[in-house]
Amino acid sequence: MAKRESVVLCEWSPDWHPAFTEKARQLRRHLGSLALRIDHIGSTAVKGLAAKPIIDIQISVADFEPIANIAEPLRQAGYLWRADNTELTKRYFREMPGAERTHIHVRIAGSWHEQRALLFRDYLRNHAAACHQYEAVKRQLAASFRDDRLAYTEGKSEVIWSILQRADRWAAETGWQAGETD
């Protein structure tokens, strides 16, 4: 049976963005032009938002194949491909054993899933009420499902979709586009 990881939220840390910046620099060095974008996503990318202390990085590429073109440079950078990930819209990588927890989400540039992650992040960055709503749900779920990470993650779905609906309207009203990579 797999080890269960506890859900622990931390107050937002000003150290998260510099940590992302250093990781992104290393990733760019290994991936070169293969990485069309390297973005800080997830809760640690939103100033003021409590989060699990895990840096989420989205790498946008033109194509997943051949996977060795992505997996080998990421392995050299210290990340392992999780081929058993069931989400087919991305290729998922994690840190080497013993390294600082990092989630790498490789997605196709311009895809709905790539854009969704960026829109959600940008909407939270620009709408404090949505950010507070999301944090309140995360805190409630972390308290209820401290030892069940899957239930915690699945429990966020409803609020995420609610926020994404508002974010979609905001994007249409403002002409939102993904800005420069972080």
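Residues numbered from 1 in each chain as written. Predicted model: local features only at pLDDT ≥ 70, side-chain atom pairs only at ≥ 80, totals over all residues. Heavy atoms only, no water.

Draft legend 1. Local environment of the pattern of salt bridges. Counting across every chain of the model gives 14 salt bridges. Across the salt bridge formed by Asp122 and Arg121, the nearest N and O atoms sit 2.8 Å from each other. A residue is classified by how much of its surface remains accessible, and Arg121, at 4% relative accessible area, is buried. Salt bridges linked by common partners bring Arg37, Asp39, Arg121, Asp122 and Arg125 together as one network. (Salt bridge = Lys/Arg side-chain N within 4 Å of Asp/Glu carboxyl O. Buried < 20%, exposed > 50% of the residue type's maximum accessible area, 1.4 Å probe, protein only.)

Draft legend 2. Focus on the sheet that holds strand E3 (residues 79-81). Read across the sheet, five strands follow the order E1-E2-E5-E4-E3 without closing on themselves; strand pairing throughout is mixed. What marks the edges here is a single partner per strand, and that holds for strand E1 (37-41) and E3. The sheet shows a mean angle of 25° between the axes of neighbouring strands, taken without regard to direction. Note: strand E4 (residues 90-95) against strand E5 (residues 102-108), five bridges, orientation antiparallel. Directly across from Lys90, in E5, lies its bridge partner Arg107. In the packing of helix H2 (residues 68-77) onto the sheet, contacts are made with strand E2 (55-61), E3, E4 and E5, and the angle to E3 comes to roughly 150°. Contacts between helix H3 (residues 112-126) and the sheet are confined to E1, E2 and E5, with E1 contributing the most and set at about 45° to the helix. (Pairing = 2+ DSSP bridges. Helix = DSSP H or I, 4+ residues; strand = E, 2+ residues; numbered from the N terminus. Axes fitted to C-alpha atoms, helices over the stretch in contact; angles between N-to-C directions. Contact = heavy atoms within 4.5 Å.)

Draft legend 3. Representation of the nonpolar core. With 22 residues, the main nonpolar core has Leu27, Ile59, Leu74, Ile104 and Val106 as its most contacted residues. When contributions to this core are tallied by element, the ones reaching two or more residues are helix H1 (16-31), E2, H2 and E5. Considering each element in turn, this core owes the most residues, six residues, to H1. If we ignore the near neighbours within four places in the chain, the residues touching Ile104 are Leu27, Ile57, Ile59, Leu74, Tyr79, Arg91, Tyr92 and Phe93. (Core = buried A, V, L, I, M, F, W, Y, C linked by side-chain atoms within 4.5 Å.)

Take it as geometry only, folks, not as evidence of what the structure does.
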